[in-house]
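# Structural characterization, general
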Amino acid sequence: CFFFLMIRRPPRSTQSRSSAASDVYKRQVSTQSTWATLAPGKVLPMNILSEIASRIASDGPLDDIFNLFTSLESQIRNEQVQHDELYAKQQVECSGERSFREKEIADATNAINLATDEKNAAAVSLSQNQQQLETNVKSQADVSGLIKDLEEQRAAANAVYKRRNAEYNEALNTINEGHHMLQELYTGSASLIDLNRVA
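This text gives an overview of the structure that appears in the document. (Residues numbered from 1 in each chain as written. Predicted model: local features only at pLDDT ≥ 70, side-chain atom pairs only at ≥ 80, totals over all residues. Heavy atoms only, no water.)

### Some points on the overall build of the chain
- Of regular secondary structure, the chain possesses six helices and zero strands.
- Secondary structure elements of the chain occur, N-terminal to C-terminal, as α-α-α-α-α-α.
- Counting all 199 residues of the chain, 13% fall into the buried class.
- Within the chain, contacts between residues at least 6 apart in sequence are counted, and of these 41% link residues at least 24 apart.
- In the form shown here, the chain has an accessible surface area of approximately 16000 Å², with 58% of it arising from carbon and sulfur atoms. (Helix = DSSP H or I, 4+ residues; strand = E, 2+ residues; numbered from the N terminus. Buried < 20%, exposed > 50% of the residue type's maximum accessible area, 1.4 Å probe, protein only. Contact = heavy atoms within 4.5 Å. Areas by Shrake-Rupley, 256 points an atom, 1.4 Å probe, with all protein chains shown as cover.)

Structure follows, in structure tokens:
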């Protein structure tokens, strides 16, 4: 039924049988190159259909037309078998390729998840390090202030020490001088008059 639907009988009031066959031929010429690519060296179905149309237009023997239909059917069935085999082969190849690509996608997804986890861990570590850095900077500032205070206290204590050391030395000299005078008085080498003169 399919083959007969492809070649319509033209309406008697509009076209002749030969003009209808010509229209069928024109519609099929544009796809002949495709069939020639798929089945090189074989008689194209379009050519067979053209021959059938020509036989019908010329009121050729029905046996010849029937044989042409049989030849067309056989060729189409053979082509379909080849196409089915090619389709099955391509399905196997596509299935293998799909499995391979799905594995690649799964591996890439795992890699992205691991990288995301590492990125998040690095962000947490960075935040902690920044907080620790801020704490260290504050501690350093506090220590610097404490060191400055201690240096000021040390400078003040040193000044007090120097002043008291000078006072001690002065007092020690005075004591030594007094002791020396007492020895002179004791030995008689000096008198109270001399002592008053020195004082």
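### Details of the pattern of salt bridges
- In total, this model carries five salt bridges according to the counting rule given.
- Across the pair Arg98 and Glu102 runs a salt bridge, and its minimum N-O distance is 2.9 Å. Of this pair, Arg98 and Glu102 both sit in helix α5 (residues 62-187), separated by four residues, roughly a single helical turn.
- Given a relative accessible area of 42%, Glu102 falls into the partly exposed group.
- Between Arg101 and Glu104 there is a salt bridge, and its shortest N-O distance comes to 2.9 Å. With Arg101 and Glu104 both in helix α5 and three residues apart, this pair spans about one turn of that helix.
- Accessibility expressed as a relative area gives 41% for Arg101, which makes it partly exposed.
- For Glu104, a relative accessible area of 35% gives the class partly exposed.
- Beyond isolated ion pairs, a larger network of salt bridges with shared partners links Glu97, Arg101 and Glu104. (Salt bridge = Lys/Arg side-chain N within 4 Å of Asp/Glu carboxyl O.)

### Considerations on the nonpolar core
- Among the nonpolar cores identified, the biggest contains seven residues, and these are Ile48, Leu49, Ile52, Ile65, Leu68, Phe69 and Leu72.
- Elements with a minimum of two residues in this core: α4 (45-57) and α5.
- Considering each element in turn, this core owes the most residues, four residues, to α5. (Core = buried A, V, L, I, M, F, W, Y, C linked by side-chain atoms within 4.5 Å.)

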